[in-house]
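Close look at the chain arrangement
Residue-level listing of the chains:
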Amino acid sequence: MPHEIEQLACDFMYVHDEIVQKVRQEMPDEDVLFDLSELFKVFGDSTRIRILYCLFASEMCVCDIATLLNMTQSAISHQLSVLKKSKLVKSRRDGVDYIELPRYKIFLIQLLNIAGLGPVIGPILGALYGPSALLWVVFGCIFGGAVHDYCSAMMSLRYGGASYPEIIGRNLGTGVRRFMEVFAIAFMIMVGAVFVLGPAALLANLTSFGLPFWATLIFAYYFLATIMPIDTIIGRIYPFFSVLLLVMAFGLAGSLMLSGRPVLPNTDFFVNTDPAGLPIWPLLFITIACGAISGFHATQSPLMTRCMESEKHGRMLFYGPMIAEGVLGLIWVTLGLSFYESPEALGAVIKAGTPTLVVQEISMALLGPIGGMLAILGVVVLPISTGDTAFRSARLLVADTLRIDQGPIGKRLMIAVPLFAAGIALTFVDFAVIWRYFGWANQTMSCVTLWAIAVYLARRERFHWIATLPAAFMTVVCVSYLCYAKIGFGMSVEMSTLIGIASAAASLVLFLSRGKRMPELENEASC
């Protein structure tokens, strides 16, 4: 006979009210009980128990634990991140890149890392196409950019602060990882070069010193910020620059509304107003990256995940800054559409100088001389803040790829010097050429990242469509642009779009058929 389970129940109903009330008052809150249940789940893995036993015996580094337990460092790093999330272990800073920072500093540094002049220059150029730029910033930021930034950051955190290529490789395979290692490093160098020339040219116009002098000075600052510990320069000055960025944008928005100028005189969202007659599709979606969605952000997030105290702050520290950047983008699109009488007038100012001249004109007119000086300071400082973290990210990418310890300064110099040599060489290439490649490469990285996020979620039977649909859309954008643009194949818009749709459909079919079945690595288990 099957074994009968004993039924534990009272023979007759009599509630001891005093005991019930006393215990009810002593019962912990539901949040505490939930945390306890999650804590006990942590002890359900024998590897974590062995790691805890090791750490009870002595403080150990990851490589020592990996050697002792005969496991890979990546597998140990993943399990340590779970233990750290449960506050059972605490990591000690390495004094260079893994340094715990306050939440407000991480938020402001992350905002400046991903923003810089991105949500200024791109939206100004996008305003040439008309109010449709506002729609792209809103929908792109909420459904694309914020999801992209938050999910890629959380993946990096759960992989122990993994760099961008490692995030991609663990979900899309070793071949894609190797390609993205080279692609991302080249892209970071390109970003650094792009954001040297802009501020250097402006400073050369304002002073008696020439472009080579200012470019050399900016590169020297980049070099120091790249090799020094993150809290020495970046952690100290970036929060101030982030506040400057926000004050500039909201001050200009308020001044525009009080100036008596019409705000958004044209609200026809489906009419292309570009003076040169360039098509909205797909150019607008490449022109406005920061403020909507940008692959560059996924390379910056690991810098801050290595400084976080707890994963529970992730939504505020990564989703939040992207939404803030989207608001900045909306402000600058609105300024571009409202300050000038027509798109032709806006285009004439851009043609006469650069979008930074538009920033200077709007700021001087709406905020006066003091505001104008702040705008100039912003135009100089903000791109520099993007460039220095780009080179720092490139150094970390090379170090992670080649597994070079970044504690000794000599090893940091060994990587940084060749990177800067390549960056200096790129400054001799025409700026317009670099910018076109920069725009396409940026959105291509966001596309690849979204597919990696989709695979990550599908493997764990989570709702992957929040990443899959934006990934498919960005595939259409990137492939269409490559087929249409002069830097690509120069095809017609119609043919380019058809090829883009076909590429996205093929990618979607491949993902739906293989995404959930891709082999899960040991170090990803139960993530």
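Residues numbered from 1 in each chain as written. Predicted model: local features only at pLDDT ≥ 70, side-chain atom pairs only at ≥ 80, totals over all residues. Heavy atoms only, no water.

This part is about the overall build of the protein chain. Helix and strand counts for the protein chain stand at 21 helices and zero strands. By residue count, 52% of the 527 residues in the protein chain fall in the buried class. Contacts in the protein chain between residues at least 24 apart in sequence constitute 80% of all its contacts with a sequence separation of at least 6. Of the roughly 24,900 Å² of accessible surface on the protein chain, 66% is carried by carbon and sulfur atoms. (Helix = DSSP H or I, 4+ residues; strand = E, 2+ residues; numbered from the N terminus. Buried < 20%, exposed > 50% of the residue type's maximum accessible area, 1.4 Å probe, protein only. Contact = heavy atoms within 4.5 Å. Areas by Shrake-Rupley, 256 points an atom, 1.4 Å probe, with all protein chains shown as cover.)

Across all of its chains, the model carries three salt bridges by this definition. A salt bridge links Glu-166 to Arg-170, with the nearest nitrogen and oxygen atoms 2.2 Å apart. With Glu-166 and Arg-170 both in helix α9 (residues 164-172) and four residues apart, this pair spans about one turn of that helix. By relative accessible area, Glu-166 is classed as buried at 13%. On the basis of relative accessible area, Arg-170 is assigned to the buried category, the value being 4%. Notably, a salt bridge pairs Arg-177 with Glu-181, separated by 3.0 Å at the nearest N-O pair. Taken together, the residues Arg-177 and Glu-181, both in helix α10 (residues 174-206) and four residues apart, mark about one turn of the helix. (Salt bridge = Lys/Arg side-chain N within 4 Å of Asp/Glu carboxyl O.)

As a rule of thumb, non-glycine residues mostly have phi less than zero, and peptide bonds are mostly trans rather than cis. The residue after Trp-281, namely Pro-282, is reached through a cis peptide bond having omega -5°. As for its position among the elements, Pro-282 is in helix α13 (residues 280-287). Here the phi dihedral of Leu-264 falls at roughly 50°; this positive angle occurs in a residue that is not glycine. Tracing the chain through its elements places Leu-264 in the loop between α12 (234-258) and α13. A relative accessible area of 23% means that Leu-264 is categorised as partly exposed.

A contiguous patch of negative charge, built from Asp-29, Glu-30, Asp-31 and Asp-35, is present on the exposed surface. Tracing the chain through its elements places Asp-29 in the loop between α1 (17-26) and α2 (30-42). (Patch = residues over 30% accessible without salt bridge, like charges linked within 9 Å, V, L, I, M, F, W, Y side chains within 5 Å. Lys, Arg positive; Asp, Glu negative; His and termini not counted. Charge placed at Lys NZ, Arg CZ, Asp CG, Glu CD.)

A few words on the packing of α13 against helix α20 (residues 465-484). α20 packs onto α13 with a crossing angle of 110° between their chain directions and a minimal axis gap of 9 Å. Overall, the two elements α13 and α20 adopt an arrangement that is roughly perpendicular. Residues Trp-281, Pro-282, Leu-283, Phe-285 and Ile-286 of α13 pack against Phe-473, Val-476, Val-477, Ser-480, Tyr-481 and Tyr-484 of α20. Taken together, the residues of the contact of α13 with α20 sort by class into 10 nonpolar, one polar and no charged. (Axes fitted to C-alpha atoms, helices over the stretch in contact; angles between N-to-C directions. Parallel < 35°, antiparallel > 145°, perpendicular 65-115°, else oblique. Nonpolar A, V, L, I, M, F, W, Y, C, P; charged D, E, K, R; others polar.)

Quick look at the confidence of the model for the protein chain now. Residue-level pLDDT values for the protein chain average 83, and 90% of them are 70 or greater. Counting contacts from residues 521-527, a segment whose pLDDT is below 50, to residues more than four positions away or on other chains yields 20 contacts. (pLDDT = per-residue confidence, 0-100.)

With 119 residues, the main nonpolar core has Tyr-164, Tyr-222, Trp-332 and Ile-362 as its most contacted residues. Non-local contacts of Ile-362, meaning those with residues more than four positions away in its chain, are made with Leu-252, Trp-332, Leu-335, Phe-339 and Tyr-340. In terms of nonpolar packing, the next biggest core, distinct from the first, is built from 14 residues, Ile-51, Cys-54, Val-82 and Leu-83 among them. (Core = buried A, V, L, I, M, F, W, Y, C linked by side-chain atoms within 4.5 Å.)

Moving on to the packing of aromatic side chains. Tallied over the entire structure, the rule returns 23 aromatic pairs. For the ring pair Trp-136 and Phe-473, a centre distance of 6.0 Å and an interplane angle of 45° mean the geometry is tilted. With Trp-136 in helix α8 (residues 132-158) and Phe-473 in helix α20, this residue pair connects regions lying 337 residues apart in the sequence. A residue is classified by how much of its surface remains accessible, and Phe-473, at 33% relative accessible area, is partly exposed. Judged by centre distance (6.1 Å) and plane angle (90°), the ring pair of Phe-209 and Trp-214 falls under edge-to-face. Residue classification places Phe-209 among the partly exposed positions, given a relative accessible area of 43%. Since its relative accessible area comes to 15%, Trp-214 is described here as buried. Through a chain of ring-to-ring contacts, three or more aromatic side chains come together here, namely Phe-219, Tyr-221, Tyr-222, Phe-223, Phe-391 and Phe-420. Above the ring of Tyr-159, the side-chain terminus of Arg-170 is found at 4.3 Å from the ring centroid. Geometry around Tyr-456 places Arg-460 over its ring, the cationic atom sitting 3.8 Å from the centre. (Phe/Tyr/Trp six-rings, centres within 6.5 Å; stacked < 30°, edge-to-face > 60°. Lys NZ or Arg CZ within 6 Å of the ring centre and 35° of its normal.)

Within the fold, Met-445 resides in helix α19 (residues 431-459). Overall, the relative accessible area of 0% leaves Met-445 in the buried class. In this structure, the C-alpha to C-alpha distance between Met-445 and Phe-187, residues 258 residues apart in sequence, is 9.4 Å. The contacts of Met-445, once residues within four sequence positions are left out, are Tyr-164, Met-180, Phe-183, Ala-184, Phe-187, Gly-295 and Thr-299.

With that out of the way, let us pick up the packing of helix α7 (residues 118-126) against helix α15 (residues 314-339). Where α7 contacts α15, the axes come no closer than 8 Å and their chain directions differ by 40°. Judged by the inter-axis angle, α7 sits oblique to α15. The way α7 lies across α15 gives a crossing that is right-handed. Packed against α7, whose contacting residues are Pro-119, Val-120, Pro-123 and Ile-124, the element α15 presents Glu-325, Leu-328, Gly-329, Trp-332 and Val-333 at the interface. Grouping the constituent residues of the contact of α7 with α15 by class yields seven nonpolar, one polar and one charged. (Left-handed = near helix turned anticlockwise from the far one by under 90°.)

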